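In case you want the letters, here they are:
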Amino acid sequence: MTTVATTPFQDQRPGTSGLRKSVRHFQQPQYLENFLQAIFSTVAALKGGTLVVGGDGRFHNDVAIQTVLRMAAANGVAKAVVGQGGLLSTPAMSCVIRKRGATGGIVLSASHNPGGPDGDFGIKFNAENGGPAPEAMTEAFFRASRALSSYEILETDDIDLSRLGPTALGDMAVEVIDPVADHADLMESLFDFDLIKARIAAGAIRPCFDALHAVTGPYAEALFIRRLGADAAAVVNAVPLPDFGGGHPDPNAFYLRDLQDRLAAADGPNFGAASDGDGDRNMVLGPGFFVTPSDSLAVLAANATLVPAYAAGLKGVARSMPTSQAVDRVAAAGGFPCYETPTGWKFFGNLLDDGRITICGEESAGTGSDHVREKDGLWAVLFWLNLVAARDLPVEAIVREHWRRYGRDFYTRHDYEAIDADRAETLMAKLRAKLGSLAGTQAGGRRIALADDFAYHDPVDGSSAVGQGVRVIFEEAGRLVFRLSGTGTKGATLRLYIEDFEPDPARHDIDTQVRLADLIAAAEEIAAVSHHCGRDAPSVIT
Ligand code: VG1
Ligand code: CO
C-alpha cells in the first residue's frame, strides 16, 4: 500500500451527471486518482463498507476500473461488488446498491457522449439509496479534489474480472457478479411478462431493440430474447464495444436512422426502442412515429394502473423544469401532485425516498420510477411493451389517443453544441440582465407573461438550487427555456427548449418545427441566439 504525493487539479467539479471529460483529459497522470481520492475521503462510510463498481464498457473502462479497485482496497473498503467484465448499466448499478445494501457505487461512464480514444470518459458516484450523489455531496468532492496532497493506492497486479465469484484484492473482498441478473429479476417483478410474452408469441408485437453497441445489449438479450421469447433479431448492435462501433450512443431521432428504416420495412418490427451508452435513457418508436420523451412520461403516468407494479395508482409525479408540461395535465386530471425539479436525476432522489412520487422523467429521454433511483431505459421500454400488450394498440395509436384526451404539448429542443464558452456565457448573462423587463413585452407576436431564472427549493431537505435555466413563459401557453449543458466536454452547449400547447385535435398533425416557428423566432428576438452562437442553425434538433 502506498501513499502517493499529488497536486490538485482545479477542474474536477462534477456537472449534471458526474465528472465528464475527454478520455485524454482523464488519461493525464493522477487525474483519475485525484478524483477517486476525493470520493474516498469525502464518503467516510466507504471505509469498512461495500462499494459497487461497473461501467458502460467504453474505452478506458478496463484500465480505470483496476485503479478504482486498487484505491478502494487502499482506502479500507471492506468489499467491492463488480459487474463481470467491468460492466454495469447505470440503472443496474442503482438496483445492485439497493438490493445488496451497499454503501455506494462508482459508475464509469460518460453516458450518451461518444466513446473511443478521442471520445469522452466519466465518473459518477451513487449514494446508498442507489441514486446519483446529491449536489451537496458532489460539491464536497470538488472541494476535496482541490485540497488533496496525496492519494492511497495498492500496488498489485490487475484483478481478473472475467470470472464470476469471490476473489480478493489485499484485505478487500471482491465479488464479481452477473451484471444483468439482479436488474432482470427486478424488471420481471414489475411488469406482466406473461402477457407481453403471449403477444410476442402471437406475432402481434414484433419488437426491435437497438443497443447501439453500448451497455444494454446483454440486458436486452436477457429480457427480450430469453425471458420474453422474442427471436434473436429483436436485439441489434448487442455487443458492447469500446467505441460503440463508431456511433453516438444517444437514442434520439437523429442517431436512430437505422432503427427507423427497420421499422419501415413491410413485414419488419412494429415496436422499436433504444437506449444510451449507460442504459439509463430510452426512446420508443413505432413505424414512422417517434414518441417524444416528454409525451412518453405523460403517457406512462396516464396508463400506469395497467402495469402490475403501479396498479394501485401513483403517489405523484415529477419532471425536470425543461420537460414539457404534458405530465402536469395527467397529474391534474388524476388528482396527484406534480413536482418540477432542475435538470438532472439527482433532484428526484429525495422525492422518491420520501414517497412523494412514483414516476418521474426528463425531456432528454430519461424516465424512471421508485423501483430504483436512476432513470432506467429498459424499464421504460418494458413499460411501453406492457401498455401496448394490455391495450392491444400500437404505440402511435396510444399517443394520438392521449393527445385527443389531454391536448398535445408540441415540443422541440435545439442544441448548439461546442460553441465558444465565453460567447455562451455572454448570451446567458445578457438574457439574465433583461429578465426583469421582459414580462408584458412582445416577442414572436406573443405577449410574455413571466420571465425568470429557475430556482428549486427541495421540499424534503430544504436545500436550494439556483440559476437552473432561464424560462420565458407566454400568455395563454408557450414556453422557452434557455440553459447551458452540464455534460458537454467541448466549449459550451446551449440548449433551447421550445413548447406550446395545442388542444385542437385537428391541429395535432402539423410538423413540430412549423407549429413552433413563432416561438423559435421569439427565442431569436429575445436572446439573439444565432448571433451569440455564431451559427445559422442548431447542431442537433430533437
Ligand atoms: C443532460 C440532459 C439531462 C440529463 C443529463 C444526464 O444534461 O439534459 O436531462 O439528466 O444529460 O443524462 P445537460 O446538463 O447536458 O443538459 V445521461 O443519460 O448523459 O447520464
Ligand atoms: Co445515460
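A. How the structure looks around the coordination of the cobalt ion (ligand 2). The protein atoms donating to the cobalt ion (ligand 2) are Ser 111 (OG), Asp 276 (OD), Asp 278 (OD) and Asp 280 (OD), with metal-donor distances spanning 1.9 to 2.1 Å. If you list the donors of the cobalt ion (ligand 2) from N- to C-terminus, the spacing comes out as S-x164-D-x1-D-x1-D. Comparing Asp 276 with Asp 278 shows no difference in burial state: the two are buried.

B. A look at the sheet that holds strand β5 (residues 104–108). Here we have seven strands laid out as an open sheet, ordered β2-β6-β5-β3-β4-β9-β8, and mixed in their pairing. For this open sheet the edge positions go to β2 (19–22) and β8 (165–169), each flanked by a neighbour on one side alone. Geometrically, the sheet is characterised by an average inter-axis angle of 20 degrees between neighbouring strands, direction not taken into account. Both strand β4 (residues 79–87) and strand β9 (residues 172–177) contribute to a ladder of five bridges, which runs parallel. Its bridge partner lying in β9, Val 81 is registered against Glu 175. In the packing of helix α3 (residues 61–74) onto the sheet, the strands contacted are β3 (50–55), β4, β5, β6 (120–126), β8 and β9, and the crossing angle to β3 comes to about 170 degrees. Together, β3, β4, β5, β6 and β9 form the strand contacts of helix α4 (residues 90–100), whose direction differs from that of β5 by roughly 165 degrees.

C. Expanded view of the site of ligand 1. In the vicinity of ligand 1 lie 19 residues, with Thr 16, Ser 111, His 112, Gly 486 and Thr 487 positioned nearest. Contact distances for ligand 1 include 2.6 Å between an oxygen atom and a side-chain N or O atom of Arg 495. Residues that form the shell around ligand 1 fall into these classes: no nonpolar, ten polar and nine charged.

D. A look at the sheet that holds strand β24 (residues 470–474). Spatial ordering of the open sheet is given by β20-β21-β24-β25-β26-β19-β27, a layout of seven strands whose pairing is antiparallel. Taken across any chain shown, the strands that pair with only one partner, and hence form the sheet edges, are β20 (442–443) and β27 (540–541). Here ten bridges tie strand β19 (residues 408–419) to strand β26 (residues 492–502), and the two strands are oriented antiparallel to one another. Each bridged residue has a counterpart across the sheet, and for Tyr 416 the counterpart in β26 is Leu 494. Here helix α15 (residues 421–433) sits on the sheet in contact with β19, β21 (446–453), β24, β25 (479–484) and β26, set at roughly 140 degrees to β25.

E. View of unusual backbone geometry. With a phi angle near 75 degrees, Gln 30 is a residue other than glycine that sits in the positive phi range. With respect to the helices and strands, the residue Gln 30 is situated in the loop between α1 (23–26) and α2 (31–42). Although it is not a glycine, Leu 212 sits at a positive phi angle of roughly 55 degrees. Relative to the assigned elements, Leu 212 resides in the loop between β10 (207–210) and α8 (217–227).

F. Looking closely at the domain arrangement of the protein. When the domains of the protein are assigned, the result is domain 1 (2–179), domain 2 (182–406) and domain 3 (408–541). Averaged C-alpha coordinates put domain 2 and domain 3 at centres separated by 26 Å. Across the contact, 29 residues belong to domain 2 and 25 residues belong to domain 3. Here domain 2 packs against domain 3, burying approximately 2,400 Å² in sum over the two surfaces, 56% of which is carbon and sulfur. The largest per-residue losses of area from domain 2 upon contact with domain 3 belong to Met 321, Asn 350 and Trp 403, which jointly make up 25% of the total buried on that side. In this structure, the connection of domain 2 to domain 3 is made through five salt bridges. Its salt-bridge partner being Asp 509, residue Arg 400 comes within 2.7 Å of it at the nearest N-O pair. Applying the counting criterion to the domain 2 and domain 3 interface returns eleven residue pairs in polar contact (both at pLDDT 80 or more).

G. Representation of the environment of Gly 272 in the model. Checked against the element boundaries, Gly 272 lands in strand β12 (residues 271–275). On the accessibility criterion, Gly 272 (0% relative accessible area) is buried. The spacing of Gly 272 and Glu 476 is 204 residues in sequence and 36 Å in space, taken between C-alpha atoms. Once residues within four sequence positions are removed from consideration, Gly 272 is found in contact with Cys 208, Leu 259, Leu 263, Met 283, Val 284 and Leu 285.

Basis of the calculations
Residues numbered from 1 in each chain as written. Chains lettered and ligands numbered in written order. Predicted model: local features only at pLDDT ≥ 70, side-chain atom pairs only at ≥ 80, totals over all residues. Heavy atoms only, no water. Donors = N, O, S within 2.8 Å, 3.2 Å for Na, K, Ca; no water. Buried < 20%, exposed > 50% of the residue type's maximum accessible area, 1.4 Å probe, protein only. Pairing = 2+ DSSP bridges. Helix = DSSP H or I, 4+ residues; strand = E, 2+ residues; numbered from the N terminus. Axes fitted to C-alpha atoms, helices over the stretch in contact; angles between N-to-C directions. Contact = heavy atoms within 4.5 Å. Near = heavy atom within 4 Å. Polar contact = N/O pair within 3.5 Å; in protein donor to acceptor, adjacent residues only side chain to side chain. Nonpolar A, V, L, I, M, F, W, Y, C, P; charged D, E, K, R; others polar. Domains from an automatic or database assignment. Buried area = accessible area lost by both parts, 1.4 Å probe. Salt bridge = Lys/Arg side-chain N within 4 Å of Asp/Glu carboxyl O.

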